[in-house]
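Chain by chain, the residues:
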Amino acid sequence: MINFKNVLTASASALLLATIISTAAITTAYAEEETGPAFAPPITKISGPEIGPGANRSSKLVVVLDPGHGKVDGHYSGCNFEYNGTKYYEDEINMKISTYTKKYLEENTDYAVYLTKDSVEKTVPLEQRAAFAASVHADLFVSQHVDSAPGNGVTKNAYGVSSMAPKTGRFNNELALQSQEAANTILGQLSSIGLHNRGLILRDSQNGTMFPDGSLADYYAIPRYSQMYGIRGFIIEHGFINHTSDLTLYLSTEESYKALGEADAKGIIEYLKKAGKSTFTTTTEAAQVPPVEGAPASVPAGPAA
Ligand SMILES: [Zn+2]
């Protein structure tokens, strides 16, 4: 039913998965809403082919969706929660939401739409997801997640949708502004189907990680790498898996996954209609990082079928 042509090839994904498994021992928890790995040193000027939306631009709008988490070493790496005898896994829900978003965008726009992976059975390192988005010149990069409040039990007071977006007032300020506006537009669509809007969650690096201009970097990996690669990018959290009303109303049925995915798609369309293609070019001060294995060459140039 879903066409997964526009994802990393199986061989490339296998390589990525092998990379993760080999490093799993030193990464006990794959908390990707959190820091992720620091920048790949060293920070150097890019003299080779430019990456990012500013280079080799296609006339089509390009959207990269990132279904958060996925299995690491055979185990789901996102949050989960058991309710009335059923266990719900964030990894699976994220993939469903992303799939519905992609489907809606392909049926209602001529955008080129890519996923960062094609299965919950694997994950992709955080930085490589942003590198992939940059390599296809994404006009918007949205990492789709489900939230969880700490502790056990059903009595949670945290509920609703939010976005981890880049902070403004420092490195690539204009880009951060655009990312925040796009995130708020999607949150508005999610709010319109009844979810409480918690707004943007902006957080500074807790370990002193700096952007290339010496300003403090963002704590969350996806917005941080998006800033580094010069792409509009952020995380959307689709409610709390361990909040009873969020779970039962929005996170436990196929219809609700579809509604969430389509709300994201509508927000993406609403924003891109107004903002158009990203004119942001990758800064020459961007971190030099290894390309995603095989991604630029293996991803079809055309839009999704
Ligand atoms: Zn998550």
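What you see is a predicted model; the values in this text were computed from it and never measured. (Residues numbered from 1 in each chain as written. Predicted model: local features only at pLDDT ≥ 70, side-chain atom pairs only at ≥ 80, totals over all residues. Heavy atoms only, no water.)

What follows covers the environment of Ala 138. Looking at where Ala 138 falls in the secondary structure, it is placed in the loop between helix H3 (126-135) and strand E7 (140-147). With 73 residues separating them in the primary sequence, Ala 138 and Leu 65 have C-alpha atoms 9.7 Å apart. (Helix = DSSP H or I, 4+ residues; strand = E, 2+ residues; numbered from the N terminus.)

This part covers the nonpolar core. Counting residues in each nonpolar core, the largest one holds 41 residues, and the members touching the most others are Tyr 111, Leu 190, Phe 234 and Ile 268. Broken down by secondary-structure element, the contributors of at least two residues to this core are strand E1 (62-67), helix H2 (90-108), strand E6 (112-115), E7, helix H4 (173-192), strand E10 (233-240), helix H6 (244-250) and helix H7 (254-275). Per-element tally for this core: the top contributor is H7, with 8 residues. For Leu 190, the contacting residues outside a window of four places in its chain are Val 161, Leu 195, Ile 236, His 238, Leu 260, Ala 263 and Asp 264. Leu 126, Ala 134, Met 164 and Ile 235 belong to the second-largest nonpolar core, a separate cluster that totals 26 residues. (Core = buried A, V, L, I, M, F, W, Y, C linked by side-chain atoms within 4.5 Å. Buried < 20%, exposed > 50% of the residue type's maximum accessible area, 1.4 Å probe, protein only. Contact = heavy atoms within 4.5 Å.)

Applying the stated criterion to the full structure yields 14 salt bridges. Salt-bridge contacts for Lys 96 lead to Glu 254; the nearest nitrogen and oxygen are separated by 3.1 Å. Highlighted residues: Lys 96 in helix H2 and Glu 254 in helix H7, separated in sequence by 158 residues. Glu 254 sits in the partly exposed class, given a relative accessible area of 33%. (Salt bridge = Lys/Arg side-chain N within 4 Å of Asp/Glu carboxyl O.)

What follows covers the pairing of E7. Of all the 8 residues making up E7, 8 are buried; the element is thus mostly covered by neighbouring parts of the structure. Burial along E7 is two-sided: the face carrying Leu 140, Val 142, Gln 144 and Val 146 and the face carrying Phe 141, Ser 143, His 145 and Asp 147 are both buried. Relative to E7, E1 runs parallel, the two being bridged by 5 bridges. When the bridges of E7 are listed, Pro 67 appears paired with Gln 144. Relative to E10, E7 is paired through 6 bridges, and the arrangement is parallel. Bridged to Asp 147 within E10 is Phe 240. (Pairing = 2+ DSSP bridges.)

We now examine the packing of H4 against H7. Contact geometry of H4 with H7 gives a least axis separation of 8 Å together with a crossing angle of 140°. Taken together, H4 and H7 sit at an angle that is classed as oblique. As H4 packs across H7, the resulting crossing turns out to be right-handed. Along the contact surface, H4 presents Gln 178, Glu 181, Ala 182, Thr 185, Ile 186, Gln 189 and Leu 190, while H7 presents Leu 260, Ala 263, Asp 264, Lys 266, Gly 267, Ile 268, Glu 270, Tyr 271 and Lys 274. Here the residues of the contact of H4 with H7 sort into 7 nonpolar, 4 polar and 5 charged. (Axes fitted to C-alpha atoms, helices over the stretch in contact; angles between N-to-C directions. Parallel < 35°, antiparallel > 145°, perpendicular 65-115°, else oblique. Left-handed = near helix turned anticlockwise from the far one by under 90°. Nonpolar A, V, L, I, M, F, W, Y, C, P; charged D, E, K, R; others polar.)

Turning our eyes to something else, we now look at the confidence of the model for the chain. With 71% of its residues at a pLDDT of 70 or more, the chain has an overall mean of 79. Ignoring residues within four places in sequence, the model shows residues 1-30, a span with pLDDT below 50, making 55 contacts including any to other chains. Of the regions scoring below 50 in pLDDT, residues 283-305 engages in 60 contacts with residues more than four places distant in sequence or in other chains. (pLDDT = per-residue confidence, 0-100.)

With that out of the way, let us pick up the packing of aromatic side chains. Tallied over the full model, the rule gives 4 aromatic pairs. Relative to Phe 132, the ring of Tyr 114 lies with its centre 6.1 Å away and its plane at 90°, an arrangement referred to as edge-to-face. Of the two residues, Tyr 114 is situated in strand E6 and Phe 132 in helix H3; the sequence distance between them amounts to 18 residues. With respect to class, Tyr 114 is no different from Phe 132; both count as buried. Ring plane angle 80° and centroid distance 5.0 Å describe the contact between Tyr 219 and Tyr 220, whose orientation is recorded as edge-to-face. Of the two residues, Tyr 219 and Tyr 220, neither departs from the other in class, the shared state being buried. Over the ring of Tyr 76 we find Lys 71, and its NZ or CZ is 4.9 Å from the ring centre. The ring of Tyr 219 has Arg 203 sitting right over it, with the charged end atom 3.8 Å from the ring centre. (Phe/Tyr/Trp six-rings, centres within 6.5 Å; stacked < 30°, edge-to-face > 60°. Lys NZ or Arg CZ within 6 Å of the ring centre and 35° of its normal.)

As a further point, take the packing of H3 against helix H5 (residues 221-229). Closest axis-to-axis distance for the H3/H5 pair is 9 Å, and the angle between their directions is 40°. Classified by the interaxial angle, the pair formed by H3 and H5 is oblique. For the pair H3 and H5, the sense of crossing is right-handed. Residue-level contacts link Leu 126, Glu 127, Ala 130, Ala 131 and Ala 134 of H3 to Ala 221, Ile 222, Tyr 225, Ser 226 and Tyr 229 of H5. Grouping the amino acids of the contact of H3 with H5 by side-chain chemistry returns 8 nonpolar, 1 polar and 1 charged.

The strand order across the open sheet formed by 6 strands is E6-E1-E7-E10-E8-E9, and the pairing between neighbours is mixed. Here the strands that pair on one side only, and so sit at the sheet edges, are E6 and strand E9 (197-201). For this sheet, the mean angle separating the axes of adjacent strands, direction not counted, is 20°. Pairing analysis gives 4 bridges linking strand E8 (residues 161-164) to E10, with the strands arranged antiparallel. Note on E10: the bridge partner recorded for Ser 162 is Glu 237. Sheet contacts for H2: E1, E6, E7 and E10; angle to E7, the most-contacted strand, approximately 145°. Packing against the sheet, H5 makes contact with E1, E7, E8 and E10, and its axis sits at approximately 160° to E10.

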